[in-house]
Amino acid sequence: MNYKELLESRNGAALAKEPMPYGQLYKKMTGGKYANVVDLRDDLKDSLVFCDALAAECEQNKKLSHKSQLHFAIATDSAGIYGVKVEQGNYQTFARLVEDHPAIVAQSHFITDTVKALLEATAYLHDQGISHVCFSPDNVLARKGDNAPMLLFHGSAYQTINDQERLYGTGAPYVAPEVLEEGIIDGRADIYSIGKFIEFLYLQSEIPFELKGVIAKATNPDPEKRYQTPEEMLKSIDRRQKTRRSIVSLVAALLVTAIVVGLYFSMTPEREDIEFVKPAQRDSLADGPAEGYDPSTDLAQPLDTTIGHIDPELMKQYEAKAEQIFRKQFTREADRILSNIYSNDKMGKTERNFMASSQSTIEELARIQVKLGNEAGLSDSRSQLIASQIVDQVTNRLRTEMNEKEKKKLEGVGAE
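All figures in this text were calculated on a predicted structure; none of them were measured in a lab.

Analysis parameters
Residues numbered from 1 in each chain as written. Predicted model: local features only at pLDDT ≥ 70, side-chain atom pairs only at ≥ 80, totals over all residues. Heavy atoms only, no water. Pairing = 2+ DSSP bridges. Helix = DSSP H or I, 4+ residues; strand = E, 2+ residues; numbered from the N terminus. Axes fitted to C-alpha atoms, helices over the stretch in contact; angles between N-to-C directions. Contact = heavy atoms within 4.5 Å. Buried < 20%, exposed > 50% of the residue type's maximum accessible area, 1.4 Å probe, protein only. Lys, Arg positive; Asp, Glu negative; His and termini not counted. Salt bridge = Lys/Arg side-chain N within 4 Å of Asp/Glu carboxyl O. Polar contact = N/O pair within 3.5 Å; in protein donor to acceptor, adjacent residues only side chain to side chain. Patch = residues over 30% accessible without salt bridge, like charges linked within 9 Å, V, L, I, M, F, W, Y side chains within 5 Å. Areas by Shrake-Rupley, 256 points an atom, 1.4 Å probe, with all protein chains shown as cover. Phe/Tyr/Trp six-rings, centres within 6.5 Å; stacked < 30°, edge-to-face > 60°. Parallel < 35°, antiparallel > 145°, perpendicular 65-115°, else oblique. Left-handed = near helix turned anticlockwise from the far one by under 90°. Nonpolar A, V, L, I, M, F, W, Y, C, P; charged D, E, K, R; others polar.

## Brief notes about the sheet that holds strand β4 (residues 72–77)
Argument step 1. One open sheet accounts for 5 strands, arranged β1-β2-β3-β5-β4; its pairing is antiparallel. Since the sheet does not close on itself, it has two edges, and those belong to β1 (18–20) and β4, each with one partner. Strand after strand, the sheet turns through a mean of 40° between neighbouring axes, direction not considered.
Argument step 2. Summarising the sheet, strand β3 (residues 33–40) and strand β5 (residues 80–86) pair through 4 bridges and their orientation is antiparallel. Pairing of V37 across the sheet is with K85, part of β5.
Argument step 3. Packed on one face of the sheet, helix α3 (residues 48–61) meets β3, β4 and β5 and runs near 140° to β4.

Written as structure tokens, this is what we have:
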């Protein structure tokens, strides 16, 4: 490509027109420089009502100072008003941005930052008594470079036009039904339109669970059932996103807890059945006393064949009591230790840090099992078996309690 072709290519790109509800956005060469221009539709140029409203909005526009607000001046020629000149900068419609770069919606924080910026800008406009009305993707501009959303024309300035559906053209599906049917414009119309705009951003992907309820409420046909202010909608989004992060952390905690329990079980030796052989009884006096031995003169204790014999039933009672004591003490300690895994502090850690703390938990449980087992007089294999059962029971109970808490929390959010 030679230099001339390069210039022609650049000029062609600069002059490419992007459709907007009121006209077409493009760059026009003026005085050796390119200027952003919106060429109005012919029917709007010929409308005295629209041109008067445009002049009034131009004066009002000069007083707006929000970072998301674009300023403009009316452009005229020999035939009269033909459009508006927009302040310097490189802008494109969100419709063109998503069409040319569909993967951009998957970028980290893109949608969240865009929606937050729009809601904050809308709250500012409402403070000035202004409603944008139509947040269609071809009526919201993106600043090239950081893709920050920018607003130009505001629908409340043209409320006196009877045919609102014709006014917005292709952007009409993003306008609240009460505006199109009755010409009623207030802040809740913006809530509806922003909800439709969020739907557009997710055309190529699944809408996240936490936003489905927000969109459903925002786009309710009844204005009374929508969010009443942008601030209320923004708080709802923040709250639902925090709940989602908590659920993700909970799932991660449960997975790691399952690993902890599995590791604990793997450290527990398998119980081995040992067959004890009962020694044969030997009657030491069967052949009579040794020669020259007189039992009556022996200073030792009298022979008693019952010495060393313990009643088996009594032994079982002792062992059962020892196990009961061990179970009670170890259950209390396991409940105290494992409860820490389900705390908000532990859930907020990274998986690596969580695994490190879980390893120390395993070691602590093992030490307590050995200590309490020895105090109760239980064998290592028996105390380990009982401890494993208790760890499993306590873990399942804590997991159930946490699931119930999260379920109640989600039900409370869903009821908003």
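## Quick word on the side chain of K27
Argument step 1. Here K27 is to be found in strand β2 (residues 23–30).
Argument step 2. Buried charge K27 goes without a salt bridge, the closest partner of opposite sign being E18 at 9.3 Å.
Argument step 3. Of the polar contacts made by the side chain of K27, one reaches the side chain of N36; its length is 2.7 Å.
Argument step 4. A polar contact of 3.2 Å, which involves the side chain of K27, links it to the backbone oxygen of G89.

## Considerations on the sheet that holds strand β6 (residues 91–93)
Argument step 1. Reading across the sheet, the 3 strands line up as β6-β7-β8 and stay open at both edges, with antiparallel pairing between neighbours. Looking at strand neighbours, the two that pair on one side only are β6 and β8 (149–150), the edges of this open sheet.
Argument step 2. In the sheet, strand β7 (residues 141–143) pairs with β8 via 2 bridges, with the strands oriented antiparallel. Counted as the bridge partner of L141 is M150 from β8.

## Considering a nonpolar patch on the surface
Argument step 1. Taken together, L314, M315 and Y318 make up a surface patch of nonpolar side chains, about 270 Å² in accessible area.
Argument step 2. The residue M315 is located in helix α11 (residues 312–339) in this model.

## Looking at the packing of aromatic side chains
Argument step 1. In total, this model carries 10 aromatic pairs according to the counting rule given.
Argument step 2. Centre to centre, the rings of Y22 and F153 are 5.2 Å apart; their planes meet at 55°, and the pair counts as tilted. Placement of Y22 in the loop between β1 and β2 and of F153 in the loop between β8 and α6 (164–168) is noted, with a sequence separation of 131 residues between them.
Argument step 3. Residue F153 is classed as buried on the basis of its relative accessible area of 1%.
Argument step 4. Pairing F94 with F197 gives two aromatic rings, centres 5.5 Å apart and planes at 75°, and the pair type is edge-to-face.

## Observations concerning unusual backbone geometry
As a rule of thumb, non-glycine residues mostly have phi less than zero, and peptide bonds are mostly trans rather than cis.
Argument step 1. The phi dihedral of V133 is positive, around 75°, even though this residue is not glycine.
Argument step 2. Along the polypeptide, V133 turns up in the loop between α5 (110–127) and β7.
Argument step 3. Even without being a glycine, N147 presents a positive backbone phi close to 60°.
Argument step 4. On the secondary structure map, N147 appears in the loop between β7 and β8.

## As for the pattern of salt bridges
Argument step 1. Under the counting rule described, the total for this entry stands at 17 salt bridges.
Argument step 2. One salt bridge connects D42 with K45, and the closest N-O pair in it is separated by 3.7 Å. Of the two residues, D42 and K45 both sit in helix α2 (residues 42–45), 3 residues apart, roughly one turn of that helix.
Argument step 3. Residue D42 is classed as exposed on the basis of its relative accessible area of 56%.
Argument step 4. With relative accessibility at 24%, the residue K45 sits in the partly exposed group.
Argument step 5. Taking the shortest distance from any N to any O, the salt bridge between R382 and E323 comes out at 2.7 Å. Of the two residues, R382 is situated in helix α14 (residues 380–414) and E323 in helix α11; the sequence distance between them amounts to 59 residues.
Argument step 6. Assessed through its relative accessible area of 25%, R382 is described here as partly exposed.

## With respect to the packing of helix α8 (residues 187–201) against helix α9 (residues 209–218)
Argument step 1. Orientation of α8 relative to α9, taken along the N-to-C sense of each, is 140°, at an axis distance of 8 Å. Between α8 and α9, the interaxial angle falls into the category oblique. For the pair α8 and α9, the sense of crossing is left-handed. Together, I191, Y192, G195, I198 and E199 of α8 and L211, I215 and A218 of α9 make up the contact between the two elements.
Argument step 2. Grouping the amino acids of the contact of α8 with α9 by side-chain chemistry returns 6 nonpolar, 1 polar and 1 charged.

## Section: the environment of A334
Argument step 1. Mapped onto the secondary structure, A334 falls in helix α11.
Argument step 2. By relative accessible area, A334 is classed as buried at 0%.
Argument step 3. In this structure the C-alpha to C-alpha distance between A334 and Q369, which are 35 residues apart in sequence, comes to 9.5 Å.
Argument step 4. Among residues more than four places away in sequence, those in contact with A334 are S339, L365, I390 and V394.

Interpretation note: all reported values are geometric properties and have no functional meaning in isolation.
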